[in-house]
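# Examination of the molecular architecture
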Amino acid sequence: MAKITKVYEKMTHICRKINVHHVNVKWSILERVSAFRQFFQFLLDKILSCSIGKPIRYRRLTLRSSSLLPEVTESGGVAPPEEAVARFNGNSTDSDLVPLKISLFGDCQIGKTSFVVKYVGDEQEQKCLEMRGLNLMDKTLFVQGARITFSIWDVGGDSRSLDQVPIACKDAVAILFMFDLTSRCTLNSVIEWYSQARKWNQTAIPILIGTKFDEFVLLPPNLQWAIITQARGYAKAMKATLFFSSAKHNINVNKIFKFIMAKFFNLPWTLDRNLRIGEPIIDF
């Protein structure tokens, strides 16, 4: 009887070991299955995220003729069409093209357009883009194997043209503030044009330009001196270079754009001051 009891206890002990081992094996299998399941879920999530986030290649559509029409802005002004903005901002894939955007501000009838036409030439002027309150012209120069394109934005001088100030100032490397040397009220208006332009562009090179110098020299010397003194004071306050010019006789027109190029690219070009009455003033 004692032997049977010992055998029974031994068999019970063996069965318990077997059961424990079986349970351990089962849990081990379950843990491995769980680990594999988590691994495959991780892979699946990665695959799905990659599939969803896969970059899509878009084909650029060519501009249709309808894109040449100007758009009306929220403020009621007319914004240049996309193609015109691309052209006159100098957006081009040519590696040797260096675009320089120049903006002109000043009252009406002071000779801004004549000034630009004298620089770009009559042929280029015929290709200009005209919109309400804004004329866009450009001129390309070839300098040491590179093409430098001046994109010139001539903003009209009436109150309706104020809507064009932000887009004209955007990315401009130089801003030309112009006035009629024979009309002191147009010189007084320069301060307001300067204030409006600086709201949108703080870095552009400021240049103050008096036009119609050929008529200015016919004024009495004391009046010439008064205008010169006032213009120099404004230029100093604006931290601008002052030029007196004449589109009719091409006085200082080319020199102004040469000055912009030298100033922007930091080229070794010396500009001489000229403060003599009866001669075109250059002051800085």
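Residues numbered from 1 in each chain as written. Predicted model: local features only at pLDDT ≥ 70, side-chain atom pairs only at ≥ 80, totals over all residues. Heavy atoms only, no water.

### Some words on the nonpolar core
Counting 30 residues, the largest nonpolar core has Phe105, Ile175, Phe177, Phe179, Leu208 and Phe244 as its most contacted members. Of all the secondary-structure elements, those providing two or more residues to this core are β5 (134-143), β6 (146-155), α5 (165-169), β7 (174-180), α6 (184-198), α7 (213-216), α8 (221-238) and β9 (241-244). Filtering out sequence-adjacent residues up to four positions away, leucine 208 remains in contact with Phe177, Phe179, Val190, Ala231, Tyr234, Ala235, Ala240, Thr241, Leu242 and Phe243. Ile102, Val120, Met178 and Ile282 belong to the second-largest nonpolar core, a separate cluster that totals 29 residues. (Core = buried A, V, L, I, M, F, W, Y, C linked by side-chain atoms within 4.5 Å. Buried < 20%, exposed > 50% of the residue type's maximum accessible area, 1.4 Å probe, protein only. Helix = DSSP H or I, 4+ residues; strand = E, 2+ residues; numbered from the N terminus. Contact = heavy atoms within 4.5 Å.)

### Things to note about helix α9 (residues 253-265)
In a regular helix each residue adds 1.5 Å, so 13 residues correspond to 18 Å; α9 covers 19 Å between its end C-alpha atoms and thus fits that length. Looking only at α9, the buried set comprises Val253, Ile256, Phe257, Phe259, Ile260, Met261 and Ala262. (Expected span 1.5 Å × (residues − 1).)

### Here's the deal with the packing of helix α3 (residues 112-120) against α9
When two helices pack together, their arrangement is given by the angle between the helix axes and by the axis-to-axis distance. Where α3 contacts α9, the axes come no closer than 9 Å and their chain directions differ by 80 degrees. As far as their axial angle goes, α9 and α3 are roughly perpendicular. Judged by residue contacts, Phe115, Lys118 and Tyr119 of α3 engage Val253, Asn254, Ile256 and Phe257 from α9. (Axes fitted to C-alpha atoms, helices over the stretch in contact; angles between N-to-C directions. Parallel < 35°, antiparallel > 145°, perpendicular 65-115°, else oblique.)

### Focus on α8
Between its first and last C-alpha, α8 extends 26 Å over 18 residues, near the 26 Å set by a 1.5 Å rise per residue. For α8, the full list of buried residues reads Gln224, Ile227, Ile228, Gln230, Ala231, Ala235 and Met238. If you follow the buried residues of α8, they end up packed against β7, α6, β8 (205-211), α7 and β9. Residue lysine 239 follows α8 closely and has a positive phi angle near 55 degrees.

### As for the packing of aromatic side chains
Taken as a whole and judged by the stated rule, the model has eleven aromatic pairs. Measuring from centroid to centroid gives 5.9 Å for phenylalanine 115 and phenylalanine 257, while their planes differ by 25 degrees, and the two rings are stacked. Residue phenylalanine 115 is found in helix α3, and its partner phenylalanine 257 is found in helix α9; the two are separated by 142 residues along the sequence. Taken together, a centroid distance of 3.8 Å and an interplanar angle of 10 degrees make the contact between tyrosine 119 and phenylalanine 257 stacked. On the criterion of sequence distance, the pair formed by tyrosine 119 in helix α3 and phenylalanine 257 in helix α9 is long-range, its members being 138 residues apart. Phenylalanine 257 sits in the buried class, given a relative accessible area of 1%. Ring pairing ties together the aromatic residues Phe105, Phe177, Trp193 and Tyr194, which thus form one cluster. Between the NZ or CZ atom of lysine 101 and the centre of the ring of tryptophan 153, over which it lies, the distance is 3.9 Å. Sitting over the ring of tyrosine 119, lysine 139 keeps its end group 4.3 Å from the ring centre. (Phe/Tyr/Trp six-rings, centres within 6.5 Å; stacked < 30°, edge-to-face > 60°. Lys NZ or Arg CZ within 6 Å of the ring centre and 35° of its normal.)

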